[in-house]
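A closer look at the structure
One-letter residues, chain by chain:
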Amino acid sequence: MRLYAQTPARRSRQVLADLIAAALIYAAVKLALAVHDAIRRLADPGRKAESAGNSLSDGLVDAGDAASKVPFVGGQLKKPLRSAAEAGTGLADAGRSLQDTVGHVATVTTVALIVIPVVFVLLLWLPPRLRWIRRSAVTRRLAAVPGGADILALRVLVGSQRELAALPTPPGGLAEAWRRGDEQVIADLATIGLRQAGLRARPPGD
């Protein structure tokens with residue numbers, strides 16, 4: 001399987017297209033990761049709230065335990081402190097919830113920013129590359145079998161006429177020469193067919 005053309009001009013275009021596709025995919029990934037980090041920083045208030053809530057809750061629980069040891073009124077002092085500790089726990093839970101939400105948004109956004117551009121680039125770049133690989137493989141096999149040059153020559157005759165202008169016109173025209181089996185005309189036309197596919201006139205057997 002040949003990945004790149006043998007003719008310099010087409011090969012250069014293919015390499016350039018591959019580099020552009022790779023650069024666009026790399027840029028999309030870098031941008032998505034940068035956006036991910038930026039969104040994740042929005043979770044800092046949540047982390048601070050969780051830390052503050054946990055500290056407040058732990059402090060109030062300790063205070064409640066200490067207050068419960070006060071004679072006669074310890075139980076009454078402990079209850080409001082316990083209630084305040086539960087409020088601190090709620091603050092910590094809210095901080096964790098904010099972090100989870102921000103993390104989910106960051107993940108979804110990152111995936112979207114990677115998948116959408118990459119799919120778009122692949123849809124534009126990959127099908128033409130695969131079609132050329134398949135077409136060049138068929139053309140190379142055709143050129144290697146007996147009678148394949150005749151078929152390549154016929155393809156050129158019924159295709160674009162622009163490159164035929166460079167060939168000397170034999171008596172009766174190129175089509176008549178092909179019908180007569182003129183070996184030189186067939187070879188010239190087959191060479192054009194190979195060149196149109198981005199292959200050399202005599203491709204190696206690799």
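Residues numbered from 1 in each chain as written. Predicted model: local features only at pLDDT ≥ 70, side-chain atom pairs only at ≥ 80, totals over all residues. Heavy atoms only, no water.

Focus on the overall build of the protein chain
If you tally the helices and strands in the protein chain, you get six helices and zero strands. Overall, the protein chain shows an N-to-C arrangement of helices and strands of α-α-α-α-α-α. Buried residues in the protein chain amount to 29% of all 206 residues. In the protein chain, 71% of the contacts between residues at least 6 apart in sequence involve partners at least 24 apart. As displayed, the protein chain has an accessible area near 12,900 Å², and 65% of this comes from carbon and sulfur atoms. (Helix = DSSP H or I, 4+ residues; strand = E, 2+ residues; numbered from the N terminus. Buried < 20%, exposed > 50% of the residue type's maximum accessible area, 1.4 Å probe, protein only. Contact = heavy atoms within 4.5 Å. Areas by Shrake-Rupley, 256 points an atom, 1.4 Å probe, with all protein chains shown as cover.)

Re the packing of helix α4 (residues 148-158) against helix α6 (residues 183-196)
For the pair α4 and α6, the least separation of the axes is 7 Å and the interaxial angle reads 75°. Our classification of the angle between α4 and α6 gives roughly perpendicular. Here A149, D150, L152, A153, V156 and L157 of α4 lie close against α6, whose contacting residues are I186, L189, A190, I192, G193, L194 and Q196. (Axes fitted to C-alpha atoms, helices over the stretch in contact; angles between N-to-C directions. Parallel < 35°, antiparallel > 145°, perpendicular 65-115°, else oblique.)

Quick look at the confidence of the model for the protein chain
When pLDDT is averaged across the protein chain, the result is 80; 81% of the residues are at 70 or more. Summarising per-element confidence for the protein chain, the mean pLDDT is lowest in helix α2 (residues 44-67) (70) and highest in helix α1 (residues 8-40) (92). (pLDDT = per-residue confidence, 0-100.)

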